[in-house]
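# Survey of secondary and tertiary structure
Below, each chain spelled out in residue letters.
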Amino acid sequence: MLSTRTPYDGVIDLFKAKFRIYFVDDSRYLGWKKYALKGVRVHNVPGDHENMLLPPNDKVFAQTLQRALDNR
């Protein structure tokens, strides 16, 4: 059975690794645009999907996350 997702009536913050180790059809929004009725704010963080939350990338990710929260 296919599940349907209800779009979110707001902005989605997407934290995207600068280096991708896999292929995706939508390299800009990674498929999230259709679920964000008011847009997607893309935040690029260092690393790849496996290590973007690990040292030394964790500090940059934390700073980027804090800026996104502050700008809400």
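Residues numbered from 1 in each chain as written. Predicted model: local features only at pLDDT ≥ 70, side-chain atom pairs only at ≥ 80, totals over all residues. Heavy atoms only, no water.

### With respect to the side chain of histidine 43
This is how the line gets drawn: Counting from the N terminus, the helices are the DSSP runs of H or I reaching at least four residues and the strands are the DSSP runs of E reaching at least two. Nitrogen and oxygen atoms within 3.5 Å of one another constitute a polar contact, given that in protein one can donate a hydrogen and the other can accept it, and given that sequence-neighbouring residues count only through two side-chain atoms. Two residues form a contact once any of their heavy atoms are found within 4.5 Å.
Residue placement: histidine 43 occurs in strand E2 (residues 40–45). Engagement of the side chain of histidine 43 in a polar contact is seen with the side chain of aspartate 13, the distance being 2.7 Å. Leaving out residues up to four positions away in the same chain, histidine 43 has contacts with Asp13, Leu14, Phe15, Lys16, Thr64 and Ala68.

### Regarding the nonpolar core
Rule in force here: Among buried residues, the Ala, Val, Leu, Ile, Met, Phe, Trp, Tyr and Cys ones that are joined through side-chain atoms within 4.5 Å form a nonpolar core. Buried, partly exposed and exposed residues are distinguished by accessible area as a fraction of the type maximum, computed with a 1.4 Å probe on protein chains only: under 20%, between the cut-offs, and over 50%, respectively.
In this structure, Phe15, Ala17, Val45, Met52, Phe61 and Ala68 together form the largest nonpolar core, which totals six residues. Mapped by element, the contributors of at least two residues to this core are strand E1 (12–17) and helix H1 (57–70). Ignoring sequence-local partners within four residues, the contact set of methionine 52 consists of Phe15, Ala17, Val45, Pro46, Asn57, Asp58 and Phe61. Ranked by size, the runner-up nonpolar core spans five residues in total, among them Ile12, Leu14, Ala36 and Val40.

### Here we look at the pattern of salt bridges
Counted only if it meets this: Any carboxyl oxygen of Asp or Glu within 4 Å of a side-chain nitrogen of Lys or Arg constitutes a salt bridge here.
Counted under the stated rule, the structure contains two salt bridges. Arginine 41 is the salt-bridge partner of aspartate 13, the closest N and O atoms lying 2.8 Å from each other. Of the two residues, aspartate 13 is situated in strand E1 and arginine 41 in strand E2; the sequence distance between them amounts to 28 residues. Note on aspartate 13: relative accessible area 19%, which makes it buried. Here arginine 41 falls in the partly exposed class, since its relative accessible area comes to 26%. Sharing partners across several salt bridges, the network here consists of Asp13, Arg41 and Arg72.

### Looking at the packing of aromatic side chains
Convention followed: In summary, the pairing rule links any two rings of Phe, Tyr or Trp, Trp by its six-membered ring, whose centres are within 6.5 Å, and it sorts them by plane angle into stacked for under 30 degrees, edge-to-face for over 60 and tilted for everything else. Over a ring means this: the NZ of a Lys or the CZ of an Arg is within 6 Å of the ring centre and within 35 degrees of the ring normal.
Taken as a whole and assessed by the stated rule, the structure comprises two aromatic pairs. Judged by centre distance (6.2 Å) and plane angle (70°), the ring pair of tryptophan 32 and tyrosine 35 falls under edge-to-face. Judged by its relative accessible area of 41%, tryptophan 32 is partly exposed. Lying across the ring of tyrosine 29, lysine 33 places its NZ or CZ 5.0 Å from the centre.

### Quick notes on the pairing of E1
For the record, the criterion: A pair of strands is labelled paired if DSSP reports no fewer than 2 bridges between them.
A large share of E1 lies buried, amounting to six of its six residues. Residues Ile12, Leu14 and Lys16 line one face of E1 and the alternating positions Asp13, Phe15 and Ala17 line the opposite face, and both faces are buried. For E1 and E2, the ladder comprises six bridges, and the chain directions are parallel. Bridge pairing links alanine 17 to valine 45 in E2.

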